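Chains, contacts and geometry: an overview
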Amino acid sequence: MPAATTYTTLQEDVRRYLERGSAADADVYEQIPRLITLAERNIARELKVQGFIRVMDTDFTSSVIAKPDRFREVVSINVGTGTGNTSRKTLLPRSYEYARSYWPDEAVTGEPEFYADYDVNHWLIVPTPDESYPAEVNYYEMPVLLDDTTQTNWLTEHAPQLLLYATLLQAAPFLKNDSRIPMWQAFFDRAMAALGAEDLSKIDDRAATRKEA
């Protein structure tokens, strides 16, 4: 069984593939951690799989709500309503302009219906909640980025090949080795497609199970 990928072993693999980056090759040696970070951010921006989904349980008590750390994109937001907040209602996404037009006076309160991006770190909830509503936010997150103290994350555990190819793809322009870009791009695209197909299969299986139940 092959050894698990870590931040340290990933750097070693990148050096082997590039045949560059030894301690004596200072420019490349120092750039490899940056290339890995760029690769992680690129994957998180392009890949939407269950492994990147997190759930934030909170309470909506005001019209402006803070987004969680490493937030990327909303999957869904629902709030508890009714007697004892036992019913769940999904809030609908709207533009900031629509939300402000729909509910211009924050001092007026009601049961939340919509959410919008208030700024990069907050949502706007309208109507302004008239009480404390238990809320469940499903969202895509940016995985914890690798470094010397964070040796593993979801990508090293579940998609090490994708992370390797993404890093090599970032390295090619830095090394001015443009002829390698199509090859690494093809490997990267293939790994992305395989991971996406595997995740879609899980979603289909889950849907079939619900129907059978």
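Please refer to the structure placed before this passage.
Here is a short report on the structure shown in this document. Being a predicted model, the structure only gives us computed values, none of them experimental. (Residues numbered from 1 in each chain as written. Predicted model: local features only at pLDDT ≥ 70, side-chain atom pairs only at ≥ 80, totals over all residues. Heavy atoms only, no water.)

Here we come to the packing of helix 2 (residues 26-46) against helix 5 (residues 160-174). Closest axis-to-axis distance for the helix 2/helix 5 pair is 8 Å, and the angle between their directions is 125°. Taken together, the axis directions place helix 2 and helix 5 in an arrangement best described as oblique. The interaxial crossing formed by helix 2 with helix 5 has right-handed handedness. Here D27, V28, Q31, L35, I36, L38, A39, E40, N42 and I43 of helix 2 come into contact with helix 5, specifically with L162, L163, A166, T167, Q170, A171 and F174. Broken down by class, the residue content of the contact of helix 2 with helix 5 amounts to 11 nonpolar, 4 polar and 2 charged. (Axes fitted to C-alpha atoms, helices over the stretch in contact; angles between N-to-C directions. Helix = DSSP H or I, 4+ residues; strand = E, 2+ residues; numbered from the N terminus. Parallel < 35°, antiparallel > 145°, perpendicular 65-115°, else oblique. Left-handed = near helix turned anticlockwise from the far one by under 90°. Contact = heavy atoms within 4.5 Å. Nonpolar A, V, L, I, M, F, W, Y, C, P; charged D, E, K, R; others polar.)

With omega at -10°, the peptide bond leading from V126 into P127 counts as cis. Checked against the element boundaries, P127 lands in the loop between strand 8 (122-126) and strand 9 (128-129). With phi around 60°, R70 is a residue other than glycine that occupies positive phi space. Here R70 lies in the loop between strand 2 (64-66) and strand 3 (71-81). Unlike most non-glycine residues, N85 shows phi in positive territory, near 55°. Summarising the element assignment, N85 is placed in the loop between strand 3 and strand 4 (87-90).

Further remarks concern the environment of R16. Within the secondary structure layout, R16 lies in helix 1 (residues 7-18). Residues R16 and A107, 91 residues apart in the sequence, show an inter-C-alpha distance of 62 Å.

In this structure, I77 sits in strand 3. Given the relative accessible area of 1%, I77 is considered buried. Separated by 25 residues in sequence, I77 and F52 have C-alpha atoms that sit 16 Å apart. In contact with I77, not counting residues within four places along its chain, are F60, K89, T90, L91, Y115, W123, E136 and V137. (Buried < 20%, exposed > 50% of the residue type's maximum accessible area, 1.4 Å probe, protein only.)

What links the strands of a sheet is backbone hydrogen bonding, and the strands pair in either a parallel or an antiparallel sense. Taken in spatial order, the 4 strands of this open sheet run 2-8-7-5, and their pairing is mixed. The open sheet has two edge strands, strand 2 and strand 5 (92-93), and neither has a second partner. Bridging between strand 7 (residues 114-119) and strand 8 involves 5 bridges; their strand directions are antiparallel. In the strand pairing of strand 8, Y115 is matched with I125. (Pairing = 2+ DSSP bridges.)

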